[in-house]
Amino acid sequence: MSPEKVRAFPIDRQLFLVREVAAKLGNLHGETATSFWKAKAAELLDLVVGRGRDRMAASDEVRRFFLAVQRELLAAPTVEATPSLSA
C-alpha cells in the first residue's frame, strides 16, 4: 500500500485519549476548563494537520473528538451527593 493511502486512526476513536481528556475536564470548572479545552483543541488540530489532513477536515475531526469527550462525560457514573442513612 502506498504511503499516500495510509490514514491515521481518527482521534475521536482513540478511546484512551477521549477518556483522558474527559477525566481532566470532569475535574475542571469555569475558565480553567475552557482554557484547558482550547489548548487541547489547538494541540489536536496541529496534530491532525501534521498528519496530512487539510485544516477544514482537521477541524471537523477535532469537533468529533469534542463530541466523543462530551459523550464520555455524560456516560461517566455520577457520585451520589447525599449520604445514605443506615438504620
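Quick caveat: nothing in here was measured; it's all calculated off a predicted structure.

Caption draft 1: Examining the overall build of the protein chain more closely. Along the backbone of the protein chain there are three helices and zero strands. Counting helices and strands in the order they occur from the N terminus, the protein chain gives α-α-α. Taken across its 87 residues, the protein chain has 28% of its residues classed as buried. Considering only residue pairs separated by 6 or more positions, the protein chain has 60% of its internal contacts joining residues 24 or more positions apart. Total accessible area on the protein chain stands at roughly 6600 Å², and carbon and sulfur atoms take up 59% of it.

Caption draft 2: Just helix α3 (residues 55-75), in detail. With 21 residues, α3 extends 30 Å between its outermost C-alpha atoms, agreeing within 8% with the 30 Å of an ideal straight helix rising 1.5 Å per residue. Every buried residue belonging to α3 is among Ala57, Ala58, Glu61, Val62, Phe65, Ala68 and Val69, and all of these are buried. Projection of α3 onto a plane perpendicular to its axis shows the buried side chains occupying an angular sector of 140 degrees, all on one side. Seen from the open side of α3, the exposed residues pointing more than 90 degrees away from its buried face are Met56, Arg71 and Leu74. Sitting at the amino-terminal end of α3 is aspartate 54, which places a side-chain oxygen 3.0 Å from the backbone nitrogen of methionine 56.

Reading the values: rules and limits
- Residues numbered from 1 in each chain as written.
- Predicted model: local features only at pLDDT ≥ 70, side-chain atom pairs only at ≥ 80, totals over all residues.
- Heavy atoms only, no water.
- Helix = DSSP H or I, 4+ residues; strand = E, 2+ residues; numbered from the N terminus.
- Buried < 20%, exposed > 50% of the residue type's maximum accessible area, 1.4 Å probe, protein only.
- Contact = heavy atoms within 4.5 Å.
- Areas by Shrake-Rupley, 256 points an atom, 1.4 Å probe, with all protein chains shown as cover.
- Expected span 1.5 Å × (residues − 1).
- Arc of directions from axis to C-beta.
- Polar contact = N/O pair within 3.5 Å; in protein donor to acceptor, adjacent residues only side chain to side chain.

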